[in-house]
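# Structure at a glance
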Amino acid sequence: MAEQTSTANAWPANPADLIPAGRKRLGWGLLAAATLGLLTIIVVQILYKTEMSTVGFDTWRPVIYAYILWGAALGAWQVLTRGEDGQRALFLLPALLFTIAMVIFPTLFGFYIALTDWNLSSFTGRRFNGLDNFWQMLADPYYRNALLNMVLYVLAVLVEYVVAFGLALLLNAQIRARKFFRVVFLLPLMLSPVAVSWMVGKSLMEYRFGPAATLARHLGWDNPAFFSDPITARISIMMLDAWTFIPFMMIMLLAGLQAMSREVLEAARVDGATAWQTFWQVTFPLMLPVSVTAVILRIIFKLKLADIIITLTSGGPGGATDSVSSFIYREYRDRSNVGYGTMLAMAYLIIIVVFVTWLLKVASRFVRNVN
């Protein structure tokens, strides 16, 4: 009797096990039917739009309806097969459907466009051309130059980090008008990079009348054309970009310093550590998680660098300052070459995903080893 009572009151290992098998089969059947219907309509519509079949729809509206029905079937499948857990999962369903519609579908469509010769200035429309765009990309010296420039631009983040850390330490110290200087140093971050490019790049660094050019002449530089020489133009762009975004890193590092335990620093001073020893052996290791986060976020921002370059040099002189993003933008804008531009964008997307994944692993291992 005691054994029967114990068995009756025992909580099941998995609440989903209490759901009848017929109900689960109904859920799986609904999901399978909706998925099959959605895939069928998509394939039929693609074949019709590519003129490989005469059966199809004039608009993509049936595909949207099938997608909505598939979303409803997905929700019903969760409820029928998982019970209360499935009801809670319904709250995530809108986000899932939005992600599929706004992220996954455009990405897949982008890969398809990358395999076509679509040019907006051509009347031939969009034709599948296989890997022609890919081979063209590999042979494109301007794209390789843009990739090399991205390496230089990303490496400049290390210099930005050193400057930002120094400013954060300064603004964390007990100096006069500290709040005022915090606001002043944050001002560049409040401006659009395009505004910075026009205000600082075009006006201050203009080679005939700009104050920076005039100062350079007084210092002995005969022809201070900041954007005419490839090397000088790259350095000028890196300086302007750093001037805009160093406050972003500075504010993150300053927040990390503010959150640091004062007792640890006081203990180091009591033990007789100098200022440099306190920074190098206490402050810097404790700030590593914040530092890594700031650097990685800044690198991600840097990988999208385009607005300053487009505004100041349009990639010139001779494509010397192009980033990958500005090069892709000009491929779309100047040549209307959607197919080739999309191939460049998709290749760059893969490079970014691989690089950022590797970077996160290395950063995580580095922080773990130091701490």
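Basis of the calculations
Residues numbered from 1 in each chain as written. Predicted model: local features only at pLDDT ≥ 70, side-chain atom pairs only at ≥ 80, totals over all residues. Heavy atoms only, no water. Helix = DSSP H or I, 4+ residues; strand = E, 2+ residues; numbered from the N terminus. Rg over C-alpha atoms; globule rule 2.2 N^0.38 Å. Buried < 20%, exposed > 50% of the residue type's maximum accessible area, 1.4 Å probe, protein only. Contact = heavy atoms within 4.5 Å. Areas by Shrake-Rupley, 256 points an atom, 1.4 Å probe, with all protein chains shown as cover. Lys, Arg positive; Asp, Glu negative; His and termini not counted. Charge placed at Lys NZ, Arg CZ, Asp CG, Glu CD. pLDDT = per-residue confidence, 0-100. Axes fitted to C-alpha atoms, helices over the stretch in contact; angles between N-to-C directions. Left-handed = near helix turned anticlockwise from the far one by under 90°. Nonpolar A, V, L, I, M, F, W, Y, C, P; charged D, E, K, R; others polar. Salt bridge = Lys/Arg side-chain N within 4 Å of Asp/Glu carboxyl O. Core = buried A, V, L, I, M, F, W, Y, C linked by side-chain atoms within 4.5 Å. Patch = residues over 30% accessible without salt bridge, like charges linked within 9 Å, V, L, I, M, F, W, Y side chains within 5 Å. Phe/Tyr/Trp six-rings, centres within 6.5 Å; stacked < 30°, edge-to-face > 60°.

### Here we look at the overall build of the chain
Looking only at helices and strands, one finds 17 helices and zero strands in the chain. In summary, the chain has a C-alpha radius of gyration of 29 Å against a globular reference of 21 Å for 371 residues, an excess of more than 25%. The burial tally for the chain puts 38% of its 371 residues in the buried class. Here the analysis covers contacts within the chain between residues at least 6 apart in sequence; of these, 65% occur between residues at least 24 apart. Surface accessibility of the chain: about 22300 Å² in total, with carbon and sulfur atoms responsible for 70%. Measuring between centres, the 29 positive side-chain charges of the chain sit 4 Å from its 21 negative side-chain charges.

### Focus: the environment of D322
With respect to the helices and strands, D322 occurs in the loop between α15 (307–312) and α16 (324–335). Residues D322 and A306 lie 16 residues apart in sequence; the distance between their C-alpha atoms is 8.1 Å. When residues no more than four places from it in sequence are discounted, the contact partners of D322 are A146, N149, Y153, I309, G315, F327 and R330.

### A few points about the confidence of the model for the chain
Mean pLDDT for the chain: 86, with 95% of residues reaching 70 or above. Note on residues 1–8: pLDDT is under 50 here. Beyond four places in sequence and across chains, it has zero contacts.

### Looking at the packing of helix α7 (residues 141–172) against helix α14 (residues 288–303)
Where α7 meets α14, the closest approach of the two axes is 10 Å, and the angle between their N-to-C directions is 140 degrees. The handedness of the crossing between α7 and α14 comes out as right-handed. Of the residues in α14, those touching α7 at M150, Y153, V154, V157, E160, Y161 and F165 are S291, V295, R298, I299, K302 and L303. Residues belonging to the contact of α7 with α14 are distributed by class as follows: nine nonpolar, one polar and three charged.

### Remarks on the pattern of salt bridges
Side chains that differ in charge, positive against negative, can pair when their charged atoms come close. Scanning the entire structure with this criterion turns up 10 salt bridges. Ionic pairing is found between D241 and K302, a salt bridge with its closest N-O pair at 2.5 Å. Highlighted residues: D241 in helix α11 (residues 230–259) and K302 in helix α14, separated in sequence by 61 residues. The network of salt bridges with shared partners includes E160, D241, R298 and K302.

### Overview of the side chain of E160
Checked against the element boundaries, E160 lands in helix α7. Residues contacting E160, with those up to four places away along its chain left out, are D241, A242, I246, M249, R298 and K302.

### Structural notes on unusual backbone geometry
In the Ramachandran plot, A177 falls in the positive-phi region, its phi being about 55 degrees despite a non-glycine side chain. Structurally, the position occupied by A177 is in the loop between α7 and α8 (178–186). Note on A177: relative accessible area 44%, which makes it partly exposed. Unlike most non-glycine residues, S314 shows phi in positive territory, near 55 degrees. Note that S314 resides in the loop between α15 and α16.

### So, the nonpolar core
The biggest cluster of nonpolar side chains holds 63 residues, and the ones touching the most others in it are Y143, F165 and L240. Discounting chain neighbours no more than four positions away, the residues touching F165 are L253, L257, F279, F284, M287 and S291. If you look at the next biggest cluster of nonpolar residues, it comprises 10 residues, including L31, L38, W77 and L97.

### Here's the deal with a nonpolar patch on the surface
A cluster of nonpolar side chains, L170, I175, F180, F181, V183, V184, L187 and M190, forms an exposed patch at the surface whose accessible area comes to about 710 Å². Looking at the nonpolar patch, the element that brings in the most residues is α8, giving four residues. Mapped onto the fold, L187 is located in the loop between α8 and α9 (193–204). Its relative accessible area of 43% is what places L187 among the partly exposed residues.

### Description of the side chain of S236
Position of S236 relative to the elements: it lies in helix α11. With residues near it in sequence (within four places) discarded, S236 still touches M205, F226 and F227.

### Remarks on the packing of aromatic side chains
On inspection of all chains with the given rule, the structure shows 17 aromatic pairs. Where F134 meets W135, the ring centres are 5.2 Å apart and the plane angle is 65 degrees; that geometry is what we call edge-to-face. Its relative accessible area of 28% is what places F134 among the partly exposed residues. A ring pair is formed by F279 and F284, whose centres lie 6.2 Å apart and whose planes are at 50 degrees; its orientation type is tilted. Ring pairing ties together the aromatic residues Y161, F165, W276, F279, W280 and F284, which thus form one cluster.

### Some details on the environment of V338
For V338, the location among the structural elements is in helix α17 (residues 338–370). V338 gets classed as buried once you look at its relative accessible area, which sits at 11%. It is 16 Å that separates the C-alpha atoms of V338 and D140, two residues lying 198 residues apart in sequence. Look past the residues within four positions of V338 in its chain and what remains in contact with it is I113, W118, N119, L120 and Y332.

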